[in-house]
Amino acid sequence: MKNRTWAFLAGGLLVALLLAGVVSNYASSHPDGLDSSLLKGCTVDADDNIVGGRCPAQQARDHELGDSPFADYGVRGVENSFVSTGLSGVLGVLVTFAIGAGGFWLLRRRGTAQPAGHTPAAGITPATGEAPATDDAAADDGRHRAGTAG
């Protein structure tokens with residue numbers, strides 16, 4: 001790859017790491033639209049606990065992966081919430097980048113591979129098996145026809 005491509009990828013990765021590691025800590029802690037809509041019809045206290053009414057949020061259950069190492073946008077075992085959130089974001093970016101880079105690497109290898117023992121002959125195009133037409137050959141052919149027409 002060219003140096004310019006490497007610089008672009010490194011810059012993009014650096015920006016993503018900065019956003020995930022630092023800026024993610026300043027995201028709103030208030031419920032998003034889905035959480036808010038699920039609470040319609042219920043009354044909640046200051047700690048967002050349902051104290052009355054009927055709403056879809058009352059049917060909520062813990063997720064099967066709720067005890068995983070990266071549950072709730074943090075890393076389990078890290079006591080500082082700022083560091084925990086930032087670290088989970090950085091690890092998520094790195095894992096996503098590694099999976100994407102690996103996928104592109106595999107596609108690139110698959111696209112350039114030639115069958116074993118296959119070497120196209122010089123001057124023959126692999127798609128048609130014919131020699132490509134050149135401007136000189138086409139011009140010579142046109143002059144030849146023009147000279148024999150008269």
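Just above, that's the structure.
Counting from 1, residues in each chain are numbered in the order their sequence is written. Owing to the predicted nature of the model, reporting of local features is limited to residues with pLDDT of at least 70; listing and counting of side-chain atom pairs is limited to 80 or more, with chain, interface and lining totals taken over all residues. In computing side-chain values, all of the structure's heavy atoms are included and hydrogens and water are not.

Undergrad: When you look at the overall build of the chain in this model, what are you seeing that I'm missing?
TA: Segments assigned H or I by DSSP are reported as helices when at least four residues long, segments assigned E as strands when at least two residues long, and all are numbered from the N terminus. Tallying secondary structure elements over the chain gives four helices and two strands in all. When the helices and strands of the chain are listed from N to C terminus, the series reads α-α-β-β-α-α. Pairs of residues are marked as contacts when any of their non-hydrogen atoms sit within 4.5 Å. Within the chain, contacts between residues at least 6 apart in sequence are counted, and of these 27% link residues at least 24 apart. Note on areas: Shrake-Rupley with a 1.4 Å probe; residue coverage comes only from the protein chains shown. For the chain, the exposed area adds up to about 12,600 Å²; of that, 60% sits on carbon and sulfur atoms.

Undergrad: Explanation requested: the state of the cysteines in the structure shown.
TA: Simply put, disulfide is the name for a covalent bond between the sulfur atoms of two cysteines. Put simply, a disulfide is two cysteine sulfurs that come within 2.5 Å. Scanning the model with the defined rule gives one disulfide in all. Note that Cys 42 is cross-linked by a disulfide to Cys 55, the S-S spacing being 2.0 Å. Since a negative S-S torsion denotes a left-handed disulfide, the Cys 42-Cys 55 link at about -100° is left-handed. Taken together, the residues Cys 42 in strand β1 (residues 42-44) and Cys 55 in the loop between β2 (50-53) and α3 (81-112) connect sequence positions 13 residues apart. Think of it in three bands: with a 1.4 Å probe and only protein chains considered, a residue is buried below 20% of the maximum accessible area for its type, exposed above 50%, and partly exposed in between. By relative accessible area, Cys 42 is classed as buried at 14%.

Undergrad: Could you clarify how one ought to interpret the pairing of β2 in this entry?
TA: Two faces belong to every sheet, and in a regular strand the side chains alternate between them. Judged from the three bridges that link them, β1 and β2 form a sheet pairing that is antiparallel. Looking at the pairing, Val 44 lines up with Ile 50 of β2. Where β1 hands over to β2, the hairpin turn is made up of five residues, of which Asp 48 adopts a positive phi near 65°. Only strands that DSSP links by at least two bridges are regarded as paired with each other.

Undergrad: What should I look at first to understand the packing of aromatic side chains in this one?
TA: The geometry of two aromatic rings is summed up by the distance between their centres and the angle between their planes. Stacked, edge-to-face and tilted labels apply to pairs of Phe, Tyr and Trp rings (six-membered ring for Trp) whose centres lie within 6.5 Å, assigned for plane angles under 30 degrees, over 60, and everything in between, in that order. Taken as a whole, this structure holds one aromatic pair when the rule is applied. Between Tyr 26 and Phe 82, the ring centres sit 6.1 Å apart and the planes meet at 65°, which makes this aromatic pair edge-to-face. Taken together, the residues span a long stretch of sequence, with Tyr 26 in the loop between α1 (3-21) and α2 (33-38) and Phe 82 in helix α3 at a distance of 56 residues. Classification of Tyr 26 as exposed rests on a relative accessible area of 62%. The exposure class assigned to Phe 82 is partly exposed, which follows from its relative accessible area of 37%.

Undergrad: Is there a simple way to explain unusual backbone geometry in this structure?
TA: Trans peptide bonds make up the majority, and among non-glycine residues the majority have a negative phi. We note that Asp 72 has phi near 60°; this positive angle belongs to a residue other than glycine. One can find Asp 72 in the loop between β2 and α3. Positioned with a positive phi, Tyr 73 is a non-glycine residue whose angle comes to about 60°. Counting through the fold element by element, Tyr 73 comes out in the loop between β2 and α3.

Undergrad: Would you mind going over the side chain of Ser 84 with me for this structure?
TA: You can see Ser 84 is positioned in helix α3. Ser 84 sits in the buried class, given a relative accessible area of 7%.

Undergrad: What exactly am I supposed to notice about the layout of surface pockets here?
TA: Gaps between atoms show up when a probe of the same size as a water molecule is rolled over them. In this analysis, the protein atoms alone were mapped onto a 1 Å grid. Cavities are point sets where a 1.4 Å probe fits without being able to get out; pockets are open sets with protein on both sides within 12 Å along at least five of seven lines; lining residues have an atom within 4 Å of a point. Grid points are joined across faces, edges and corners, and a volume is the space filled by probe spheres set on the points. By volume, the largest pocket is sized at about 900 Å³. Asp 32, Asp 35, Ala 60, Asp 72 and Tyr 73 are the residues nearest the centre of the largest pocket, which is lined by 23 residues in total. Charged residues are taken to be Asp, Glu, Lys and Arg, nonpolar residues to be Ala, Val, Leu, Ile, Met, Phe, Trp, Tyr, Cys and Pro, and polar residues to be all remaining types, Gly included. Class assignment for the residues of the lining of the largest pocket results in 10 nonpolar, six polar and seven charged.

Undergrad: I tried to follow a nonpolar patch on the surface on my own but got confused; where do I start?
TA: Taken together, the side chains of Val 15, Leu 18, Leu 19, Val 22, Val 23, Tyr 26, Phe 70, Phe 82, Val 83, Leu 87, Leu 91 and Leu 94 define a hydrophobic patch exposed on the protein surface, amounting to about 1,100 Å² of accessible area. Contributing elements (two or more residues each) for the nonpolar patch: α1 and α3. The greatest single-element share of the nonpolar patch, amounting to five residues, is contributed by α3. Note on Leu 87: relative accessible area 34%, which makes it partly exposed. Patch members must show over 30% relative accessible area and no salt bridge, and they are joined within 9 Å when carrying like charges or within 5 Å when they are nonpolar side chains of Val, Leu, Ile, Met, Phe, Trp or Tyr. The working definition used for a salt bridge is a side-chain nitrogen of Lys or Arg within 4 Å of a carboxyl oxygen of Asp or Glu.

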